[in-house]
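In case you want the letters, here they are:
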Amino acid sequence: RFEGAGHKGLFGFLSYLTRLRENGAKLALPAPGREGGGVRILSIHKSKGLEFPVVLLCGLARRLNREDMSRPILFHPKLGVGPKRLDVERGMEYPTLARRAVARKLELEMMAEELRLLYVAMTRAKEKLYMTCASQRMLFGRTNSNRPSRFLGEIPPEYVEKSGRLPYAERAEREAERPARRAP
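Residues numbered from 1 in each chain as written. Predicted model: local features only at pLDDT ≥ 70, side-chain atom pairs only at ≥ 80, totals over all residues. Heavy atoms only, no water.

Caption draft 1: Spatial organisation of the overall build of the protein chain. Along its length, the protein chain carries four helices and seven strands. Helices and strands in the protein chain line up, N terminus first, as α-α-β-β-β-β-α-β-β-β-α. Looking at the protein chain as a whole, 18% of its 184 residues are labelled buried. Only carbon and sulfur atoms are counted for the fraction: they give 55% of the accessible area of the protein chain, which is about 15,400 Å². (Helix = DSSP H or I, 4+ residues; strand = E, 2+ residues; numbered from the N terminus. Buried < 20%, exposed > 50% of the residue type's maximum accessible area, 1.4 Å probe, protein only. Areas by Shrake-Rupley, 256 points an atom, 1.4 Å probe, with all protein chains shown as cover.)

Quick look at the structure:
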């Protein structure tokens, strides 16, 4: 009914809904999955096992949760404890070798989980996949630059259609063109 009445845009749609509510009308929503219309907003975990013709994967900025890494003692189920060394006389903390090993292992596991979730999200699309990352973000009154997920650079260029430019796009493209380094 909204488009049939010649309305367009998000503002117009919201105004239309407001008028409906003010007039006491109820909006009839289609049942999910029946008519094929509508939008579903799901977490990556909730979308597992489902497929959709079009998927919008938004907010692909790098953001591993490093908060846990600042704790005085790190723990890994296989490597054990990774404490900081405290120099009481100088009032300084130093990372121990055990801490560095545990921190590196935890970071690699977090990156593997990030990659696994990205794979799950990307494979939900049957026909079209749109992936977005804002180059800047306002948080607590401060504007911060965002870097796209490190894994986006691994998608072969023939499968990518770019829209806009990210501040880090040129560097990511140069890195993608370089031959991969081999492990020693």
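Caption draft 2: Structural view of the pairing of strand S7 (residues 142-145). By the bridge criterion, four bridges tie strand S6 (residues 136-139) to S7 in an arrangement that is antiparallel. By the bridge assignment, Gln-136 is partnered in S7 with Ser-145. Here S6 hands over to S7 after two residues, with Phe-140 in that stretch at a positive phi of 55°. (Pairing = 2+ DSSP bridges.)

Caption draft 3: Spotlight on helix H3 (residues 97-122). Taking 1.5 Å per residue as the helical rise, H3 with its 26 residues ought to reach 38 Å, and the 37 Å between its terminal C-alpha atoms agrees with that figure. Residues Arg-99, Val-102, Leu-106, Met-111, Glu-114, Leu-118, Val-120 and Ala-121 constitute the buried set of H3. On the buried face of H3, the contacting elements are helix H2 (44-47), strand S1 (52-57), strand S2 (73-76), strand S3 (80-87), strand S4 (92-95) and strand S5 (125-131). (Expected span 1.5 Å × (residues − 1). Contact = heavy atoms within 4.5 Å.)

Caption draft 4: Spatial organisation of the confidence of the model for the protein chain. Taken as a whole, the protein chain shows an average pLDDT of 80; of its residues, 77% reach a score of 70 or greater. Summarising per-element confidence for the protein chain, the mean pLDDT is lowest in helix H4 (residues 169-177) (58) and highest in S2 (93). (pLDDT = per-residue confidence, 0-100.)

Caption draft 5: Geometry of unusual backbone geometry. A positive phi angle is found at Phe-140, which is not glycine, with a value near 55°. Within the secondary structure, Phe-140 sits in the loop between S6 and S7.

Caption draft 6: Looking closely at a nonpolar patch on the surface. A contiguous nonpolar surface patch, about 290 Å² in accessible area, is contributed by Leu-10, Phe-13 and Leu-14. Structurally, Phe-13 can be placed in helix H1 (residues 9-22). (Patch = residues over 30% accessible without salt bridge, like charges linked within 9 Å, V, L, I, M, F, W, Y side chains within 5 Å. Salt bridge = Lys/Arg side-chain N within 4 Å of Asp/Glu carboxyl O.)

Caption draft 7: Fine view of H1. Over its 14 residues, H1 runs 20 Å from end to end, which matches the ideal 20 Å to within 8%, given 1.5 Å per residue. Buried within H1 are the following residues: Gly-12, Tyr-16 and Leu-20. The arc that holds every buried residue of H1, seen down its axis, measures 80°, which confines them to one face. In H1, the exposed residues that point more than 90 degrees away from the buried face are Leu-10, Phe-11, Arg-21 and Glu-22. (Arc of directions from axis to C-beta.)

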